[in-house]
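Analysis of the macromolecular model
Now for the letters of each chain:
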Amino acid sequence: MRRTLSERFKTYGNVFDHFTVRTVIELSSKLDFDAYSLSPLFIGKESNVFLCERKDDLMVLKLYRLESCDFNRMYDYIRCDPRFTSLKRQRRKVIFAWAQREYRNLHKAREGGVRVPTPYAFLNNVLAMEMVGDEDPASKVKDNPPADMGAFFRLVVEQMKLLHKAGLVHGDLSPFNILNHRDAPVLIDFSQATPTDAPNSMELLTRDVRNVCKYFVKSGVPADQEQVKAEIIAMGKKPL
Ligand SMILES: Nc1ncnc2c1ncn2[C@@H]1O[C@H](COP(=O)(O)OP(=O)(O)OP(=O)(O)O)[C@@H](O)[C@H]1O
Ligand SMILES: [Mg+2]
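Now for a look at the structure at hand. (Residues numbered from 1 in each chain as written. Chains lettered and ligands numbered in written order. Predicted model: local features only at pLDDT ≥ 70, side-chain atom pairs only at ≥ 80, totals over all residues. Heavy atoms only, no water.)

The next subject is the overall build of the protein chain. Secondary structure assignment for the protein chain yields 7 helices and 10 strands. Computed over its C-alpha atoms, the radius of gyration of the protein chain comes to 18 Å, within 12% of the 18 Å expected for a compact globule of 240 residues. Overall, the protein chain is about 60 × 45 × 30 Å in size when its C-alpha atoms are taken along their principal axes. Residues classed as buried in the protein chain amount to 51% of the 240 residues present. As presented, the protein chain carries roughly 11,600 Å² of accessible surface, and 50% of it is formed by carbon and sulfur atoms. (Helix = DSSP H or I, 4+ residues; strand = E, 2+ residues; numbered from the N terminus. Rg over C-alpha atoms; globule rule 2.2 N^0.38 Å. Buried < 20%, exposed > 50% of the residue type's maximum accessible area, 1.4 Å probe, protein only. Areas by Shrake-Rupley, 256 points an atom, 1.4 Å probe, with all protein chains shown as cover.)

See the structure below:
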């Protein structure tokens with residue numbers, strides 16, 4: 001007999017509540033993917049990331065955990081976002097808004113020509129998106145640095161400029177959230193991305209630029225924080 005999806009999650013040490021399992025099943029019929037094909041890819045601070053088969057492709061499912069996540073931290077971040085000012089400090093509402101925000105941000109970034117995974121759909125605390133990679137998912141740049149770090153750095157700055165022009169700041173950019181796909185960057189993990197007109201956007205941009213530049217400086221690239229920040233801001237910003 002086929003094991004239930006809950007049992008399947010358990011075999012991977014990923015225990016999910018019935019609500020989340022039901023959400024995955026509902027999403028799988030909407031998007032026509034095989035929920036039983038899922039395999040674990042990564043366990044993060046707030047989410048568990050899985051690969052899943054969809055037709056002839058692989059896709060990524062990001063499940064935000066309803067229990068073991070710091071929803072107070074999430075709330076403090078998201079309430080600065082002009083799109084979510086009326087959100088209440090309620091665990092489920094905050095987590096659903098977090099998944100929805102990642103979906104909307106990925107859309108916005110993609111429309112602006114930024115290299116990000118195509119978002120497919122979200123439902124409650126689950127987000128489905130394109131898998132970046134070929135047969136296997138692309139590695140993070142920190143695990144698979146490109147041969148030409150200087151050229152890669154320029155490409156990252158280009159992506160940051162496009163994102164800013166599209167009206168967003170990533171908010172958690174670092175070599176952990178930049179994938180190296182065929183020697184070019186793809187930005188991921190957009191749940192913290194915030195409109196450029198939010199009160200904390202400059203603080204987030206400064207931190208993103210610092211984290212990115214520090215990594216490339218360590219790799220021998222003369223990355224100047226002030227110059228990069230000025231270059232990004234000079235692109236102008238489109239209000240969301
Ligand atoms: N679309 C994708 N294609 C390929 N790999 C992905 C994709 N999305 C996520 N991954 C892999 O899963 C890991 C975790 O994903 P992500 O960074 O979005 O979540 P996270 O760090 O857990 O987020 P959070 O900090 O919000 O909990 C990534 O570092 C990457 O290795
Ligand atoms: Mg991440």
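Right, let's get into the pattern of salt bridges. The tally for this structure, following the rule as stated, stands at 12 salt bridges. The closest approach of N and O atoms between D134 and R182, which form a salt bridge, is 2.6 Å. Here R182 lies in the loop between strand 8 (178–181) and strand 9 (184–187) and D134 lies in the loop between strand 5 (126–130) and strand 6 (139–140), a separation of 48 residues in the sequence. Among the residues examined, D134 registers a relative accessible area of 45% and is labelled partly exposed. Judged by relative accessible area, which is 65%, R182 ranks as exposed. Through salt bridges with shared partners, a single ionic network connects K62, E102 and D189. (Salt bridge = Lys/Arg side-chain N within 4 Å of Asp/Glu carboxyl O.)

Spatially, 1-2-3-5-4 is the arrangement adopted by the 5 strands of the open sheet, whose pairing is antiparallel. Since the sheet does not close on itself, it has two edges, and those belong to strand 1 (34–43) and strand 4 (119–123), each with one partner. Strand-to-strand twist of the sheet, defined as the mean angle between neighbouring strand axes without regard to direction, takes the value 25°. Pairing geometry for strand 1 and strand 2 (residues 47–54), over 5 bridges, is antiparallel. (Pairing = 2+ DSSP bridges. Axes fitted to C-alpha atoms, helices over the stretch in contact; angles between N-to-C directions.)

By definition of the ideal shapes, four donors in a tetrahedron about a metal sit 109.5 degrees apart, and six donors in an octahedron sit 90 or 180 degrees apart. Binding of the magnesium ion (ligand 2) to the protein goes through N177 (OD1) and D189 (OD), at separations of 2.2 to 2.3 Å. Taken as a pair, N177 in the loop between strand 7 (168–169) and strand 8 and D189 in the loop between strand 9 and strand 10 (194–195) lie far apart in primary sequence, 12 residues in all. Given a relative accessible area of 7%, N177 falls into the buried group. (Donors = N, O, S within 2.8 Å, 3.2 Å for Na, K, Ca; no water.)

With that settled, the discussion passes to the site of ligand 1. The environment of ligand 1 is made up of 22 residues, and the closest members are K45, K62, E130, V132 and K140. Taking V132, its main chain carries an N or O atom lying 2.9 Å from a nitrogen atom of ligand 1. When ligand 1 is considered free in solution it has 620 Å² of accessible area, and contact with the protein chains removes 94% of it. Mapped onto the shell around ligand 1, the elements with two or more residues apiece are strand 1, strand 2, strand 3 (57–64) and strand 5. Looking at side-chain class alone, the shell around ligand 1 contains 12 nonpolar, 4 polar and 6 charged residues. Looking at which domains feed residues into the shell around ligand 1, each of domain 1 (5–130) and domain 2 (139–233) supplies at least three. (Near = heavy atom within 4 Å. Polar contact = N/O pair within 3.5 Å; in protein donor to acceptor, adjacent residues only side chain to side chain. Nonpolar A, V, L, I, M, F, W, Y, C, P; charged D, E, K, R; others polar. Domains from an automatic or database assignment.)

Within helix 7 (residues 225–233), burial applies to V228, K229 and I232. Buried positions in helix 7, seen along its axis, are confined to an arc of 100° and lie on one side of it. When the buried face of helix 7 is taken as reference, the exposed residues oriented beyond 90 degrees from it are E226 and Q227. The inward-facing, buried residues of helix 7 abut helix 5 (149–165) and helix 6 (201–218). (Arc of directions from axis to C-beta. Contact = heavy atoms within 4.5 Å.)

Moving on to helix 2 (residues 18–31). The terminal C-alpha atoms of helix 2 lie 20 Å apart, and with 14 residues this matches the ideal 20 Å at 1.5 Å per residue to within 8%. Looking only at helix 2, the buried set comprises T20, V21, T23, V24, L27, S28 and L31. Down the axis, helix 2 shows its buried residues gathered within 155° of arc, on one side only. Away from the buried face of helix 2 by more than 90 degrees, exposed residues H18, R22, S29 and K30 are located. D32 lies just past helix 2 and shows a positive phi near 60°. (Expected span 1.5 Å × (residues − 1).)

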